[in-house]
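# Fold and contact review
Here is how the chains run, residue by residue.
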Amino acid sequence: MTPRRQATWWIGIAVGFGLMIWLLRDMLLPFVAGMAIAYLTDPLADRLERLKLSRTQATTVITVGFLALFIIALLLIVPAIVRQTNALLAALPDYMERAAQLLNLLAANVMVVAENQGLDMSGGDSKEALKGYARQAVNFFGQLAGDLLRGGVAVLNFFSLLVITPIVTFYLLLEWDRMVSAISGWLPKGQAEEIKDVVRRIDRTLAGFVRGQGTVCLVLIIYYSVALSAVGLNFGFVIGLLSGALSFIPFVGAIFGALASIGLAVVQFWPDDSLRIGIVVGIYVIGQVLEGYVLTPKLVGDSIGLHPVWVMFGVLAGGVLFGFVGMLLALPVSAVIGVLARYGLERYLASRLYDPDNPA
């Protein structure tokens, strides 16, 4: 087979695989979670095998251990989440009405300031326009809150996470070494070592990123949950938990958490206790400084090697194409693309295409 036909063959496989993922995107979460757990725990399974456990025994110990930890976490955390979520749903109409009143008050203040500056805001059209904008803003954030709650229910689909994910994890972890060996045997013999070298680079990058980013998320979950609860923000525990967990997806956790907590603080505390609104704002400012300048540089480093603009593009593209799962996988996929791009650049700079005098 000629190199051109080989390239066409592999491109066709990649396109077909991407199309299949796109068609099945709504059911991928438990399978992606199971594959991620199997990938991350394979080194632990190898260590248990060196301690004279069979692969089946090692896989069973790891799967049962993870499931037990997950259930314990649910038993400790879920009651608070359910309680606060139910309270939020019950209080949402009152909060929406309060938000509408605050926006109308803001619109009235804007008209007063404009009139003081000599602008004619006495016309009914101007007032109605401002009130219309206020109503639209309230409706928008109400719809956004509903979408987030529906998305949260989809993410916390206990049946899929508690039943399907452990099964997927068990079988993938059990067969992981055999799958890797089989795939290695399918590689083109002339390029097998080169492909394995690239895969090893990807493995190092992904392992470092997932370990580091997972630790960052855990620290932020604790920080936001404790800080928002301590300041007295209603539903602060749930908002902090989601903010920290969603920090695995660049920009999403910070944007969601800031909008939800600051908006809720304004509705809850304004105008009687504006100091606490400032404290909530300060919590997220400190959180972003902590994440951007301390946690991420120390724990993740520059493992991905991509510009933030490209990371943002990857997150948005993943969300548009594959929904929540696409956003969740955007950064790991971007890390893989970064490794491949750097490898391709190395090959290009060492080729005659770049330097005709290169003996390679």
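Everything here concerns the structure above.
Note that this is a predicted model, so its numbers are computed, not measured.

Counting across every chain of the model gives 6 aromatic pairs. Here the aromatic rings of Tyr39 and Trp176 are separated by 6.2 Å at their centres, their planes lie at 50°, and the arrangement is tilted. One end of the pair, Tyr39, is in helix α2 (residues 29-50); the other, Trp176, is in helix α5 (residues 158-186), and 137 residues separate them in sequence. Through a chain of ring-to-ring contacts, the aromatic side chains of Tyr223, Tyr224 and Tyr284 assemble into a single cluster.

With that settled, consider unusual backbone geometry. Positive phi, normally seen in glycine, also occurs at Lys52, with a value near 80°. With respect to the helices and strands, the residue Lys52 is situated in the loop between α2 and α3 (55-116). A relative accessible area of 77% means that Lys52 is categorised as exposed. Of note, Phe235 is a non-glycine position whose phi angle comes to about 65°, a positive value. We classify Phe235 as buried; its relative accessible area is 10%.

Glancing now at the pattern of salt bridges. Taken as a whole and judged by the stated rule, the model has 10 salt bridges. The partner of Arg55 in a salt bridge is Asp46, and the shortest N-O contact between them spans 2.9 Å. Given the relative accessible area of 22%, Asp46 is considered partly exposed. Linking Glu346 and Arg201 is a salt bridge whose minimum nitrogen-to-oxygen distance equals 3.2 Å. Of this pair, Glu346 sits in helix α10 (residues 308-349) while Arg201 sits in helix α6 (residues 192-230); the two residues are 145 residues apart in sequence, bridging distant segments of the chain. It is possible to trace a salt-bridge network through shared partners that takes in Asp42, Asp46, Glu49, Arg55 and Asp177.

Attention shifts here to helix α8 (residues 252-269). Taking 1.5 Å per residue as the helical rise, α8 with its 18 residues ought to reach 26 Å, and the 25 Å between its terminal C-alpha atoms agrees with that figure. Along α8, the positions that sit buried rather than exposed are Val252, Gly253, Phe256, Gly257, Ser261, Leu264, Ala265, Val267 and Phe269. With its buried residues spanning 165° around the axis, α8 presents them on a single face.

If you want to describe how two helices pack, look at the angle between their axes and the distance between the axes. Helix α9 (residues 274-300) packs onto α8 with a crossing angle of 170° between their chain directions and a minimal axis gap of 8 Å. By the criterion of interaxial angle, the relationship of α8 to α9 is roughly antiparallel. Contacts from Ala254, Gly257, Ala258, Ser261, Ile262, Ala265, Val266 and Phe269 of α8 reach α9 at Ser274, Arg276, Ile277, Val280, Val281, Tyr284 and Gln288. Classifying every residue of the contact of α8 with α9 gives 10 nonpolar, 4 polar and 1 charged.

Rules used throughout
Residues numbered from 1 in each chain as written. Predicted model: local features only at pLDDT ≥ 70, side-chain atom pairs only at ≥ 80, totals over all residues. Heavy atoms only, no water. Phe/Tyr/Trp six-rings, centres within 6.5 Å; stacked < 30°, edge-to-face > 60°. Helix = DSSP H or I, 4+ residues; strand = E, 2+ residues; numbered from the N terminus. Buried < 20%, exposed > 50% of the residue type's maximum accessible area, 1.4 Å probe, protein only. Salt bridge = Lys/Arg side-chain N within 4 Å of Asp/Glu carboxyl O. Expected span 1.5 Å × (residues − 1). Arc of directions from axis to C-beta. Axes fitted to C-alpha atoms, helices over the stretch in contact; angles between N-to-C directions. Parallel < 35°, antiparallel > 145°, perpendicular 65-115°, else oblique. Contact = heavy atoms within 4.5 Å. Nonpolar A, V, L, I, M, F, W, Y, C, P; charged D, E, K, R; others polar.

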